[in-house]
Amino acid sequence: MSLELQLKTLPNKPGVYQFFDENQKILYVGKAKDLKKRVSSYFAKEYFGKTKVLVSKIRNIKTTIVDTEYDALLLENNLIKEYQPRYNIRLKDDKTYPWICIKKEPFPRVFLTRKQVYDGSEYYGPYTSVLVAKTLLELVKSIYPLRTCSLNLTPEKIKNHKFTVCLEYHIHNCLGACEGYQTPDEYLENIQEIREIVKGNISEPMHSLRKRMLEYSQRTEYEKAQSIKEKLELLEKYQAKSTVISPSISDVDVFGITSDESAAYVNYFKIVKGRIIQSYTTEIKKQLDESEEEILEKIIINIRRKFNSFSREIYIPFPIDLEIPNVKLFIPKIGDKKKILDLSERNAKEYRIEKLKQVKIVDPERHSNRIMAEMKKLLHLPEEPRLIEGFDNSNIQGTNPVSACVVFRDGKPSKSEYRIFNVKTVEGPNDFATMEEVIHRRYKRQLEENNELPQLILIDGGKGQLSSAYKSLELLGLSGKIPIIGIAKRLEELYFPHDPVPLYLDKTSETLKILQKVRDEAHRYGISRHRNKRSKKTFTTELDSIPGIGDKTIKLLLNRFKSVQGIKQASEEDIEKLIGKKRADILCKYFKVEE
C-alpha cells in the first residue's frame, strides 16, 4: 500500500503510530490525539535536520488505536523501550539500580536486590544511590530483628521442630521465629512498620514504638522500654537528616528540566509527608530537536512507573499536553510549592553542568561542537562561529593609542594570530574613530591577501563603537557578510547593527561566557601592549634629550642595560666599554646634573 493511500485512510482517533523504512525496520514511534492530523503533518510541511532525514526514509506506517491519549502515551512508552527506534529519545530502564525487597514468604526477609522477581514480593525503590539504600536497610535492621536465613518456615515445620536457632538469635539480631519464639503476627507487625519507613512515612512507626515503650514501662519492663527508646532515637536521627520541604505539601511528584541543543536533563523528586524521599536526575539525548514540553510528557510516565509513584499531584514548570487519570498537573507560581520546583530545576541544571564538564575532559571536540551550535542559535548567526575576532582600543589620555585584535578558534584563543594596531589617523582619545580605522585596516588587508574571514566580529563597546566598526565593513563591501556585534560591560548587553534593542543572555550561558572571554582577552592584550609602548616611549624620550647621544647609541644602551634606570645604576667603566669614552662622559655628566 502506498504512503499516500495510507495517509488518506488514517483514523481521526487517539493512538500510536510507527514509521518503518524500506527494510521494515522501525524508525520512530509517536502518539497522537488525532492520528490522521499528526501523521499527515510530517508530509504536509518542510522539515530540516534529522526530521527531514526521517521523513525521507519512511516507507510504511502502522497505527494502533486506543481509548484515550493517556493510553496512547503508555503504549508509546512501552514500544520505545522494546524497540529503541533510532529517532526516538532514549527512555532508559536503569535496571541495575538497587531495590529493597520484602519477600513473599512466611516471616518475610528484607534485603537489597538489583533483580526483580515477579512472585508477589514487594519492591521499594529504585535507589539511585547504593549508599542510601544500604543506610536505610541498616536502620531497619537495627530497629527490627529480622531473619536473614532462607529456611522455609512453614507452620508445620516449626511445630515439628525441624529447625534450630543460629548465631543470629544468640547475638539478638533475630528473635528465633524458626523455633516458634516469635509469632507470625508479631513478625508481620514489624514488617508493616518497615513498609511505612521505606515509603518515607516515619510518623506511624514512631507512634507505634512510643506506644510499646509506654506499655513496657507501665509493666516495669524497663530494659525493653529502654531498647525501644534507643530505636526511637535512631528513627528521629534519620528523620532529621531527610530534607523537609513543608508540612503543607503531602504526597507529590516534582519534575524540573533544563536542556541544550543535544540533550535534556530532568530531575525528579518523590515527596512523601512533606519530605523528599527520593531524588533522581537523568540525561535524555535529543533525536529530532524535541522541545522540553515533548520530552517532559514522555519522561513523566516513564519515571513514575520506575519509582512506583501513585501521587495524585505533579508539579511541573510549564503547561504540557498530558492528561493522567485522577492526577492533577500543577504549575506553582509562589510559596513553598514554587520553592521545591525551583530546587528541582537547580538540580537539573547542576547535573547538566557536571555532565558537560565530564564531556569537556573526555570528548573536547563534542564539547566544542555543542557550544558552537548553541552560539549559532542564540546569536542568530548564519553559520557556527568557528573563527571569532575581537577588538578593543587602549589609550591613556589620548597618548600612544593602540587597538588589539584577538583571534579565537572553536572557542579557544589562538595567540599566534593576535595583532596589535598602532593608530595612525586619529589624534586624541576618540574610540569611535579609532575603531573605524582599525576595522578598515584589518579587513582591507585580509581581503587583499585573500585570508580567511571570521564568522563573527566582537567589538568591546556599545552602539557607538559598533556603528563605527560597521561603517568600515560597509566601505569594504562586507556588511551583511560578516556578522558583527558589540558587548557593553555594564549589563553585558549585546548590540546588533540597526537594532536599538540589546540582547540579554542568561548570565550562566556558555555563549555569553565565550564572548566575555574574547572581550576580556582583547582588553588584556591591548593593555599589555599599550603599557610596553608607553614604557619604551618614556625611555627613548629621556635619552633623546641628551645632546650628542644618537639613536644607535640609545639602542645599544637599552639592549645592554634594559632601561634608563639600569643605565643610571651602571658604572662609568661599563658604559665607556660599550659606547666609548666621549659619549660615556656626556651621558654620565647628564645624569649627575639631573641628580
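Up top is the structure.
Now for a look at the structure at hand. Keep in mind the model is a prediction, meaning the values are calculated, not measured.

1. Quick word on the nonpolar core
Judged by nonpolar contacts, the single largest core of 33 residues is most densely connected at Val-110, Tyr-144, Leu-146, Ile-194 and Leu-235. Counting only elements with at least two residues in this core, the list comes to β4 (99-102), α5 (130-143), α8 (184-199), α9 (203-218) and α10 (222-241). For this core, the element with the most residues is α5, which contributes six residues. If we ignore the near neighbours within four places in the chain, the residues touching Val-110 are Ile-100, Cys-101, Ile-102, Leu-137, Lys-141, Leu-146, Ile-191 and Ile-194. Residues Ile-257, Ile-284, Ile-300 and Ile-303 belong to the second largest nonpolar core, which totals 25 residues.

2. With respect to the sheet that holds strand β5 (residues 110-113)
Here we have three strands laid out as an open sheet, ordered β5-β4-β6, and antiparallel in their pairing. A strand with exactly one partner marks an edge of an open sheet, and here the two such strands are β5 and β6 (122-124). When strand polarity is set aside, the average angle formed by the axes of neighbouring strands in this sheet is 30 degrees. One ladder, built from three bridges, connects β4 with β6; its direction is antiparallel. Considered in β6, the bridge of Ile-102 is made with Glu-122.

3. A word on the packing of α8 against α9
Their axes nearest at 8 Å, the elements α8 and α9 cross at an angle of 140 degrees. Each of Glu-189, Asn-190, Glu-193, Glu-196 and Ile-197 in α8 lies in contact with α9, whose residues at this interface are Glu-204, Pro-205, Ser-208, Leu-209 and Arg-212. Among the residues forming the contact of α8 with α9, the class breakdown is three nonpolar, two polar and five charged.

Cut-offs used in this document
Residues numbered from 1 in each chain as written. Predicted model: local features only at pLDDT ≥ 70, side-chain atom pairs only at ≥ 80, totals over all residues. Heavy atoms only, no water. Core = buried A, V, L, I, M, F, W, Y, C linked by side-chain atoms within 4.5 Å. Buried < 20%, exposed > 50% of the residue type's maximum accessible area, 1.4 Å probe, protein only. Helix = DSSP H or I, 4+ residues; strand = E, 2+ residues; numbered from the N terminus. Contact = heavy atoms within 4.5 Å. Pairing = 2+ DSSP bridges. Axes fitted to C-alpha atoms, helices over the stretch in contact; angles between N-to-C directions. Nonpolar A, V, L, I, M, F, W, Y, C, P; charged D, E, K, R; others polar.

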